[in-house]
Amino acid sequence: MFGTESSLSMFLNTLTPKFYVALTGTSSLISGLILIFEWWYFRKYGTSFIEQVSVSHLRPLLGGVDSSSPSNPNTSNGEADSNRQSVSECKVWRNPLNLFRGAEYNRYTWVTGREPLTYYDMNLSAQDHQTFFTCDSDHLRPADAIMQKAWRERNPQARISAAHEALELEDCATAYILLAEEEATTIMEAERLFKQALKAGEGCYRRSQQLQHHGTQYEAQHRRDTNVLVYIKRRLAMCSRKLGRTREAVKMMRDLMKEFPLLSMFNIHENLLESLLELQNYADVQAVLAKYDDISLPKSATICYTAALLKARAVSDKFSPEAASRRGLSTAEMNAVEAIHRAVEFNPHVPKYLLEMKSLILPPEHILKRGDSEAIAYAFFHLQHWKRVEGALNLLHCTWEGTFRMIPYPLEKGHLFYPYPICTETADRELLPTVFHEVSVYPKKELPFFILFTAGLCSFTAMLALLTHQFPELMGVFAKAFLSTLFAPLNFIMEKVESILPSSLWHQLTRI
């Protein structure tokens, strides 16, 4: 025993500072190479190589079970190939469920003193109004000429005064629209003005319909009158929905979609879906989804999350994460989880609002698909529908974060949809009031533990190599003291073993 200690002490004393420099330098080099490889593997595949090997090869040996649910390869690849097309990034859409400025947005401002709409958002609305409600022949009708200037006014009071001036000349549908949107302080008052607009708009529509083939000027006028009529009927349906006459609103929306099936720019089906969910008419909701949840049509959070809600509704009341981890997911549960993953990949900002992890604000008049603005607009109207389905929010809470493990890395690569636009955050900051709202950004993958560990190890060993090179004698003393301390418990155990065992037996063991 004492011979072993003396030989170890002699070995430590014979080590020169050059040995310690070489040892720490080699360790630093090896850990640096491991760090470079790990970083390259993470950038390319989105996971740690060491972690992947541990999970793939060591976990089965230790009896672990992989809980990640397999996805349907046929559906994923087919839909991914169909959706990986050139899509105009950061296209701003009109919010199908936008609120009324006078009756809702302005009331919020009166109560809180905050402006819920940004200048950029209101400017986009002004451009929409000029596109939908004006045409080149407006100068032929005095009231329309006044309204053409009114839509370009930035001052709300100037717009309202111009609308009243136009109504003094004749019954002008667009003037009633402006007053219903901006001057009316209640939904009932807005509905009354929209009914007057409907009467005037229908007359203009019938007259222009008869003359639409007489030239391009009449055709443009008819197109404008069609947009005005569709807008009025849609807003009247929304008034009925807000006033509690939901069945009446559903009928008005269905009639409107049958009368003007080609005007998909208004996204009236999203208003219909929300009203049907309020009635808990899930069969009709499924029928609408079957028509509009198609790979050839642009997706929306309403489409994706409503589809997920219907599939979650079939299993959420009996879903338990503990039971699912023991027995695995059933087919219905698998379908629900895949639908949630699909919805979260399309818009990853929605779950935090549905789970009330982030506070809601009034939705803007325009939204950016897959952005925070769309998430706010969806959750503002659909949170109550998720709460009504027992266990749906619990299932969402248990499964939504698993989506990000399925998306390839970098995150800009798509999985079920086209790649996530990188300019979304910038556009959302223009649409949302950042003064009192923190814009949600796309979740970033955190660096794996082994990359951080190898980076720390590389830095530590490089520092040791540098110190050993600069102060060889001092670092040699520290190294000997460290090794002596490290072997001290082993020496203590060996002394105890030697005192217990007979000397002859211990001599035979040391010879072996």
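By the naming in an unreviewed UniProt entry, the protein chain is Suppression of tumorigenicity 7, taken from Oryzias melastigma. For the protein chain, the Sequence similarities (unreviewed entry) comment in UniProt is given as "Belongs to the ST7 family." As its UniProt record puts it under Subcellular location (unreviewed entry), the protein chain is described as follows: "Membrane".

## Focus on the overall build of the protein chain
For the protein chain, the count of helices and strands is 25 helices and two strands. For the protein chain, contacts bridging at least 24 residues in sequence account for 72% of all contacts bridging at least 6. Approximately 27,500 Å² of the protein chain is accessible, and the part contributed by carbon and sulfur atoms is 58%.

## Here we look at unusual backbone geometry
The backbone of Q280 shows a phi angle near 60°, a positive value even though the residue is not glycine. One non-glycine residue, E356, lies in positive phi territory at about 60°. Relative to the elements of secondary structure, E356 occurs in the loop between α18 (350-354) and β2 (366-368). E356 sits in the exposed class, given a relative accessible area of 52%.

## A closer look at the layout of surface pockets
Of the volumes computed, that of the second largest pocket is approximately 590 Å³. Lining the second largest pocket are 27 residues, with R101, M122, R154, P156 and R159 sitting closest to its centre. Of all the secondary-structure elements, those providing two or more residues to the lining of the second largest pocket are α5 (101-112), α6 (119-133), α8 (156-169) and α9 (173-183). With seven residues, the single largest contributor to the lining of the second largest pocket is α6. Residue composition of the lining of the second largest pocket, grouped by class: ten nonpolar, nine polar and eight charged.

## Describing the environment of L97
Position of L97 among the secondary structure elements: in the loop between β1 (92-94) and α5. Sequence separation between L97 and E365 is 268 residues, and the spatial gap between their C-alpha atoms is 8.3 Å.

## Comments concerning the side chain of N347
Among the structural elements, N347 can be located in the loop between α17 (331-346) and α18. With a relative accessible area of 0%, N347 lands in the buried category. Ignoring sequence-local partners within four residues, the contact set of N347 consists of A301, Y305, R370, G371, E374 and A375.

## Side note on the packing of helix α7 (residues 142-150) against α8
Packing of α7 against α8 brings their axes to within 9 Å, and their N-to-C directions diverge by 175°. Considering their axes alone, α7 and α8 lie roughly antiparallel with respect to each other. Contacts between α7 and α8 pair P142, A143, I146, M147 and A150 from the former with R159, A162, A163, E165, A166 and L169 from the latter. Classifying every residue of the contact of α7 with α8 by side-chain character gives nine nonpolar, no polar and two charged.

## Concerning the nonpolar core
Of all hydrophobic cores here, the largest spans 91 residues; its most connected members are M147, I177, F194, I232, Y305, L354 and W386. If you tally residues by element for this core, the top one is helix α15 (residues 301-313), at nine residues. Both domains that furnish three or more residues to this core are identified here as domain 1 (134-279) and domain 2 (280-446). If sequence neighbours within four positions are ignored, F194 has contacts with F100, I177, A180, E181, Y231, I232, R235, L236 and C239.

## A word on the packing of helix α11 (residues 216-242) against helix α12 (residues 246-259)
In a pair of packed helices, the angle between the axes and the distance between the axes together describe the arrangement. Taken N-terminus to C-terminus, the directions of α11 and α12 make an angle of 160°; their axes are 7 Å apart at the nearest point. With respect to α12, the axis of α11 lies roughly antiparallel. The two elements α11 and α12 cross, and the hand of that crossing is left-handed. Each of V230, K233, R234, L236, A237, S240 and R241 in α11 lies in contact with α12, whose residues at this interface are T246, E248, A249, M252, M253, L256 and E259. Of the residues belonging to the contact of α11 with α12, the class tally is seven nonpolar, two polar and five charged.

## Comments concerning the packing of aromatic side chains
Within this structure, the stated rule accounts for seven aromatic pairs. Ring centres 5.3 Å apart and planes at 45° place the aromatic pair F133 and W151 in the tilted group. One end of the pair, F133, is in helix α6; the other, W151, is in the loop between α7 and α8, and 18 residues separate them in sequence. Here the two residues F133 and W151 agree in accessibility, since each one is buried. Arranged with centres 5.1 Å apart and planes meeting at 80°, the rings of F133 and Y231 form a pair that is edge-to-face. Of this pair, F133 sits in helix α6 while Y231 sits in helix α11; the two residues are 98 residues apart in sequence, bridging distant segments of the chain. An aromatic cluster is present here, built from F132, F133, W151 and Y231 joined pairwise through their rings. Taking the ring centre of W93 as reference, the NZ or CZ of K91 above it sits at 4.3 Å. Directly above the ring of F100 sits R235, whose terminal nitrogen or CZ lies 4.0 Å from the centroid.

Rules of the game
- Residues numbered from 1 in each chain as written.
- Predicted model: local features only at pLDDT ≥ 70, side-chain atom pairs only at ≥ 80, totals over all residues.
- Heavy atoms only, no water.
- UniProt positions renumbered as here; feature names shortened; annotations may be inferred.
- Helix = DSSP H or I, 4+ residues; strand = E, 2+ residues; numbered from the N terminus.
- Contact = heavy atoms within 4.5 Å.
- Areas by Shrake-Rupley, 256 points an atom, 1.4 Å probe, with all protein chains shown as cover.
- Buried < 20%, exposed > 50% of the residue type's maximum accessible area, 1.4 Å probe, protein only.
- 1 Å grid on protein atoms, 1.4 Å probe; cavity = no way out; pocket = protein on both sides within 12 Å on 5 of 7 lines; lining within 4 Å.
- Points joined across faces, edges and corners; volume = space filled by probe spheres on them.
- Nonpolar A, V, L, I, M, F, W, Y, C, P; charged D, E, K, R; others polar.
- Axes fitted to C-alpha atoms, helices over the stretch in contact; angles between N-to-C directions.
- Parallel < 35°, antiparallel > 145°, perpendicular 65-115°, else oblique.
- Core = buried A, V, L, I, M, F, W, Y, C linked by side-chain atoms within 4.5 Å.
- Domains from an automatic or database assignment.
- Left-handed = near helix turned anticlockwise from the far one by under 90°.
- Phe/Tyr/Trp six-rings, centres within 6.5 Å; stacked < 30°, edge-to-face > 60°.
- Lys NZ or Arg CZ within 6 Å of the ring centre and 35° of its normal.

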